[in-house]
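# Structural overview
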Amino acid sequence: MPLLGLLPRRAWASLLSQLLRPPCASCTGAVRCQSQGTRDLSPQHMVVREKILDLVISCFKRHGAKGMDTPAFELKETLTEKYGEDSGLMYDLKDQGGELLSLRYDLTVPFARYLAMNKVKKMKRYHVGKVWRRESPTIVQGRYREFCQCDFDIAGQFDPMIPDAECLKIMCEILSGLQLGDFLIKVNDRRIVDGMFAVCGVPESKFRAICSSIDKLDKMAWKDVRHEMVVKKGLAPEVADRIGDYVQCHGGVSLVEQMFQDPRLSQNKQALEGLGDLKLLFEYLTLFGIADKISFDLSLARGLDYYTGVIYEAVLLQTPTQAGEEPLNVGSVAAGGRYDGLVGMFDPKGHKVPCVGLSIGVERIFYIVEQRMKTKGEKVRTTETQVFVATPQKNFLQERLKLIAELWDSGIKAEMLYKNNPKLLTQLHYCESTGIPLVVIIGEQELKEGVIKIRSVASREEVAIKRENFVAEIQKRLSES
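Residue numbers run consecutively from 1 along every chain, following the written order of its sequence. Residues qualify for local features only when their pLDDT is at least 70, as the model is predicted, and side-chain atom pairs are given and counted only at 80 or more; totals for whole chains, interfaces and linings, by contrast, use all residues. Side-chain metrics rest on all non-hydrogen atoms present in the structure, leaving aside hydrogens and water.

### Examining the nonpolar core
Condition: The criterion is simple. A nonpolar core is a set of buried Ala, Val, Leu, Ile, Met, Phe, Trp, Tyr and Cys residues joined through side-chain atoms within 4.5 Å. For each residue, the accessible area found with a 1.4 Å probe, counting protein chains only, is set against the maximum for its type, and the residue is called buried under 20%, exposed over 50%, and partly exposed in between. Counting from the N terminus, the helices are the DSSP runs of H or I reaching at least four residues and the strands are the DSSP runs of E reaching at least two. Whether two residues are in contact is decided by their heavy atoms: any pair within 4.5 Å suffices.
F60, I243 and F296 are the most contacted members of the largest nonpolar core, which has 76 residues in total. The element that contributes the greatest number of residues to this core is helix α5 (residues 162-177), accounting for eight residues. Not counting the four nearest positions on each side in its chain, F60 is found in contact with A65, Y126, C150, D151, F152, I170, I174, L358 and I360. Listed in part, the 24 residues of the second largest apolar core include V120, Y306, I311 and V353.

### Digging into the environment of D215
As a reminder, the rule being used: Here a polar contact is recorded for every N or O atom pair within 3.5 Å, except that within protein the pair must consist of a potential hydrogen donor and a potential acceptor, and residues adjacent in sequence are included only if both atoms are side-chain atoms.
Positionally, D215 belongs in the loop between α7 (207-214) and α8 (222-232). When the C-alpha positions of D215 and R302 are compared, they lie 5.4 Å apart, and in sequence the two are 87 residues distant. One polar contact links the side chain of D215 to the main-chain amide nitrogen of R302, over a distance of 3.1 Å.

### With respect to the confidence of the model for the chain
Spelled out, the test is: The score called pLDDT rates the predictor's confidence residue by residue, from a low of 0 to a high of 100.
Mean pLDDT for the chain: 88, with 88% of residues reaching 70 or above. In the predicted structure, residues 1-6 sits below a pLDDT of 50 and forms six contacts with residues beyond four places in sequence or in another chain. Low pLDDT, under 50, characterises residues 18-35; the stretch is placed with 33 contacts to residues that sit more than four places away or in other chains.

### What about the UniProt feature "binding site: L-histidine" (unreviewed entry) in the chain?
Filter applied, for reference: UniProt positions are given in the numbering used here, feature names are shortened, and annotations may be inferred rather than shown by experiment.
Cross-referencing UniProt, the feature "binding site: L-histidine" (unreviewed entry) maps to D106, L107, T108, R133, Q149, D153, R302, Y306 and Y307 in the present numbering. Along the polypeptide, R302 turns up in the loop between β9 (294-297) and β10 (310-316). By relative accessible area, R302 is classed as buried at 14%. With sequence-adjacent residues up to four places away left out, R302 is seen in contact with R190, C211, D215, Y307, I311, Y312, E313, A335 and G336. Within the secondary structure, Y307 is located in the loop between β9 and β10. Polar side-chain contacts of Y307 include one of 3.5 Å to the side chain of R302.

### Points about the pattern of salt bridges
For side chains of opposite charge, pairing can occur when their charged atoms come near one another. Definition in use: By salt bridge we mean one thing: a side-chain nitrogen of Lys or Arg within 4 Å of a carboxyl oxygen of Asp or Glu.
Evaluated as defined, the whole model comprises 28 salt bridges. Residues K124 and E166 are paired through a salt bridge, measuring 3.7 Å at the closest nitrogen-oxygen approach. Taken as a pair, K124 in strand β5 (residues 123-132) and E166 in helix α5 lie far apart in primary sequence, 42 residues in all. Of the residues examined, K124 reaches a relative accessible area of 24% and is grouped as partly exposed. Where R191 meets D189, a salt bridge forms, and the shortest distance between an N and an O atom there is 2.8 Å. Its relative accessible area of 0% is what places D189 among the buried residues. A network of salt bridges, in which partner residues are shared, links E446, K453, R455 and E462.

In structure tokens, the structure reads:
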């Protein structure tokens, strides 16, 4: 059943009033304007998107993940108090019975709810689906209000840092496979973040609020973040300055060792636990051969409330550019972390299921690839048609229908024009414009001789093949191409 049929009319009116605005004068039919934060995807866009998703999903499957899906909307109480300050960005619905619903903000919370409801204690899953957020869209950075997420998660009780290391390996495999350019994955641990706040003198009641501010360091300068913490959130200036000393630190495993010796941080139990796990994590990352792609970064905070341990975020160091082209700044392209307490929030008895996962920022990656293709002038085939069935003469519709049925029944992707008597030149031009490599031609002479002509669109060479052998010949040519 379509999603529209699952919600009463009033609920959809409520949603649409939040999600969409009337088109502005500058809007064109192909892509929605920036003020709406949504977009239509043309066939050309879909080809690129599907190739990206195929690479991502094949990597998830290579690591043993199972696919799953959850509803596009949840009870509002399921989603609230899971995202900290970002909870205000949820799209709310209200049905005729007064039940409060919200569109899913991410794929992680619904997954945790699924694990608790179904009493699943161990699972490795991937999920590709749309999510919705009421934030200001920045189309030039691939940020939208409606966007696709690709998540991979490992749920279950396992030895420390082994699943976490695999998640980072997956991120490296995907980003390398997409050939987006050099990238770096920043890692930290929420226990180190909380320990840092504690030793710097942040009141425990302000931990999450200050964490949300620190999370903006990839978008704002330190002085602006400091101003927000002091002026807007009431943090003492000297406490903010102590935090500033830490968040400027980044490096490899040597920085982890250095933090073990830090006179303040080494006195905090939580921070020491986080540092111990990071040290072990770097050992596994070295064995996976990806330690050079990882940076221990004390400025990484990840603002979502549900993270409890290791957190990570991938950024592009530079986007490949042509001469005269402006570099693209899209922020992080993948992120994730450990959330050991989230499932317990949905379990009546509070039973916890440790989880760790990652999310690939498909929209931002898609934007980068799209801009690169536009710069290079690359053309995209929007269909996968392999063979076109043509005729040079009138009254051959029945023969064309017989031929195309044989091709379809043999698993060959084939097309023909929906006209009784199409002109041969029109048919050949169609093949050239759409990139169809082969044409099979049937006419009076071919019918009389019991043959089919096979034409290569690229070379324009034609050969006659016996009628009963033409499918086998087509299959042979396609296997060799």
